[in-house]
Amino acid sequence: MQASDRITHLNPGGDDGWGLYQRSKAMVAQGIPVAELTIGEHDIGTDARILDAMAAAAAAGNTGYAPVPGMDRLRDAIAARVTAQSGIATTRDNVAVTPGGQAGLFAAHIATVDPGDAALMIDPYYATYPGTLRAAGARPVIVPSFADDGFQPSVKALDTAARSGARSLLINTPNNPTGAVYSHATLEGVANVVTAWNMWLISDEVYDSQVWHGTHISPRALPGMAERTLVVGSLSKSHAMTGSRLGWIVGPEDTIAAIHNLSTATTYGVAGFIQEAGLHALSLGPQFEAEIAAPFRRRRDLLLGKLDHQQVLRAVPPDGAMYVMVDVRGTGLTGEAFAEALLEHERIAVMPGASFGKAAIGHIRVALTLPDAAFDEATDRLINFAIKVASI
Ligand code: PLP
């Protein structure tokens, strides 16, 4: 039997961008030690207090079907965090709970784009984006951003792409993989484009707690934007809860109500004991989020400091998120070839830039996700390897 065109063509390039990561995982499973600097997974587990809340909720019997839109108390807590963080009044009626930000990205596109419609996204991008848009029936239209602009997208290029009739624009700030935190000017320009062309803005803000320079601005808070913006959020990165699969969409009440119907037809909600854990996580407040984020800032500074002392590798210093994009063209290798060689010779796994689009070719993405001492050792070896390759 033939599978549908939609699922067969989710990733037409063949490799979905995760090939090297899968290979490094297979090596670890065979007992080969690999320094894992690939995916955005914390080196710590979920905090014991959150796990206790999860276990207590399950033990108390919260194991049946949970409210599909999300528990009212959790939606209130998410709304309170969004209000405090963005400055725009938000209530539970603006919130749909989803199984992680990823499910939120999919639902947000289903909610805003009809089959075959163009949906804009920016390159470099989080590796799941093209497949997510295609899975939702959209036709991804990719607009490049450039290292020379600090990976801030060009408003002119967005306007040109929008001109041909797109329904939505997906942005991500703080950005994975580049670490760009979009400036007020960029976001104002983005707002002008989506307003002028009557488009939806889908704003992926899952890294909103990881800002090293500047300020995270939620574009939903800009004048006139609340009615055309869906914000995707998650506890994965902010609370080290990647495996719990707990995220949300924030947007206009009528669209959120329609997304609840979509959840009924797809996920049927998120486990009640996970929602209780999320509620407890949010009750720990901004101080807890700062504690979870702190190691990434430390390791970012450490790696940038080392890069200052050599000539082969270069990086645009990330203003946020848990990665550093390193330009490896000085080695004479492509990002893919360098990542392959690094895995083979040094047993260090990084993501090839090409996993994140054409604009990231020639780069690797280094995740700041090993404990400090191991990160220090692995990045020394990475840099020495690059210097050796460049000298051949
Ligand atoms: N958006 C971005 C930019 C990401 O990097 C990730 C995960 O790495 C996600 C969304 C999805 O996160 P989750 O589904 O764990 O909430």
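To keep things clear, this report deals only with the structure shown in the data block. (Residues numbered from 1 in each chain as written. Predicted model: local features only at pLDDT ≥ 70, side-chain atom pairs only at ≥ 80, totals over all residues. Heavy atoms only, no water.)

## Comments concerning the pairing of strand β7 (residues 229–234)
Here is the key point about a regular strand: its side chains alternate between the two faces of the sheet. Counted only if it meets this: Using a 1.4 Å probe on the protein chains alone, a residue whose accessible area is under 20% of its type maximum counts as buried, one over 50% counts as exposed, and one in between counts as partly exposed. Going along the chain from the N terminus, every DSSP run of H or I of four or more residues is numbered as a helix, and every run of E of two or more is numbered as a strand. Here, strands pair whenever DSSP counts at least two bridges between them.
The buried count for β7 comes to six of six residues, which makes it a mostly enclosed element. With burial as the criterion, each face of β7 is covered, one bearing Thr 229, Val 231 and Gly 233 and the other bearing Leu 230, Val 232 and Ser 234. Pairing geometry for strand β6 (residues 200–204) and β7, over four bridges, is parallel. Paired with Ser 203 across the two strands is Val 231, which belongs to β7. With four bridges connecting them, β7 and strand β8 (residues 247–250) associate as antiparallel partners.

## Section: the pattern of salt bridges
Any two side chains of opposite charge can pair, on the condition that their charged atoms come close. What counts is decided by this rule: Definition used for salt bridges: Asp or Glu carboxyl oxygen within 4 Å of a side-chain nitrogen of Lys or Arg.
Using the criterion set out here, one finds 21 salt bridges in the structure. Its salt-bridge partner being Arg 73, residue Glu 276 comes within 2.6 Å of it at the nearest N-O pair. Here Arg 73 lies in helix α4 (residues 72–86) and Glu 276 lies in helix α10 (residues 272–283), a separation of 203 residues in the sequence. On the basis of relative accessibility, which here comes to 18%, the residue Glu 276 falls in the buried class. Residue Arg 73 is classed as partly exposed on the basis of its relative accessible area, which comes to 48%.

## What to know about the sheet that holds strand β2 (residues 95–98)
To summarise the sheet geometry, strands pair through backbone hydrogen bonds and adopt either a parallel or an antiparallel arrangement. For clarity, the cut-off: Convention adopted: a line fitted to C-alpha atoms gives each axis, helices being fitted over their contacting stretch, and angles between N-to-C directions are expressed from 0 to 180 degrees. The contact criterion used throughout is that any non-hydrogen atoms of two residues lie within 4.5 Å.
Spatially, the seven strands line up as an open sheet ordered β2-β8-β7-β6-β5-β3-β4, and their pairing is mixed. What marks the edges here is a single partner per strand, and that holds for β2 and β4 (139–144). Looking at each pair of strands side by side, their axes are set apart by 20° on average, direction ignored. As defined by bridge partners, β2 adjoins β8 across four bridges and the pair is classed as antiparallel. Considered in β8, the bridge of Thr 98 is made with Gly 247. This element, helix α5 (residues 100–112), spans β2, β3 (118–123), β5 (166–172), β6, β7 and β8 of the sheet and lies at about 165° to β7.

## Things to note about the site of the ligand
Test applied: Note on terminology: near, applied to a residue and a molecule or strand, indicates that one of the residue's heavy atoms is within 4 Å of it. By the criterion applied in these results, polar contacts are pairs of N or O atoms within 3.5 Å in which, for protein atoms, one can donate a hydrogen and the other can accept it, and in which residues neighboring in sequence qualify only through two side-chain atoms. Residue burial considers only the protein chains on display, and all accessible areas are found by Shrake-Rupley using a 1.4 Å probe. Lys, Arg, Asp and Glu make up the charged group, whereas Ala, Val, Leu, Ile, Met, Phe, Trp, Tyr, Cys and Pro make up the nonpolar group; the residues left over, Gly among them, are polar.
Neighbouring residues of the ligand: 15 residues in total, closest Gly 101, Asp 204, Tyr 207, Ser 234 and Ser 236. The contact in question runs from an oxygen atom of the ligand to an N or O atom on the side chain of Ser 234, over 2.6 Å. Side-chain polar atom of Lys 237 to an oxygen atom of the ligand: 2.8 Å apart, as the coordinates give it. Its free accessible area being 400 Å², the ligand has 94% of it covered by the protein chains. No other element matches α5, which puts four residues into the shell around the ligand. A class-by-class count of the residues in the shell around the ligand yields five nonpolar, seven polar and three charged.

## Focus on the nonpolar core
Selection criterion: Residues belong to a common nonpolar core when they are buried Ala, Val, Leu, Ile, Met, Phe, Trp, Tyr or Cys residues joined through side-chain atoms within 4.5 Å.
Counting residues in each nonpolar core, the largest one holds 41 residues, and the members touching the most others are Leu 313, Val 350, Ile 364, Val 366 and Leu 382. When contributions to this core are tallied by element, the ones reaching two or more residues are α2 (19–29), β1 (35–37), α11 (285–307), β10 (323–327), α12 (335–346), β11 (348–352), β12 (363–367) and α13 (372–391). At seven residues, α13 tops the list of elements feeding residues into this core. Not counting the four nearest positions on each side in its chain, Val 350 is found in contact with Leu 20, Leu 37, Thr 38, Ala 339, Leu 342, Ile 364, Arg 365, Val 366 and Leu 382.

## Some remarks on unusual backbone geometry
Across the junction of Asp 123 and Pro 124, the peptide omega takes the value 0°, indicating a cis bond. Positionally, Pro 124 belongs in the loop between β3 and α6 (129–135). The step from Thr 173 to Pro 174 runs through a cis peptide bond, and the omega angle for that step is -10°. Mapping Pro 174 onto the fold places it in the loop between β5 and α8 (184–196). For Phe 151, which is not glycine, the phi dihedral falls at a positive 60°.

## Let's talk about the sheet that holds β1
Across the sheet, which stays open at both edges, the five strands sit in the order β1-β11-β12-β10-β9 with mixed pairing between neighbours. Strand pairing shows two members of the sheet lacking a second neighbour, β1 and β9 (314–315), which therefore form its edges. In terms of strand pairing, β1 meets β11 through three bridges, oriented parallel. Its bridge partner being in β11, Ala 35 is matched across the sheet by Ile 348.

## Notes on the side chain of Ser 203
Counting through the fold element by element, Ser 203 comes out in strand β6. Given a relative accessible area of 0%, Ser 203 falls into the buried group. Beyond its immediate chain neighbours, meaning those up to four positions away, Ser 203 contacts Ile 171, Pro 219, Thr 229, Leu 230, Val 231 and Val 232.

Function cannot be read off these values alone, since they describe shape.
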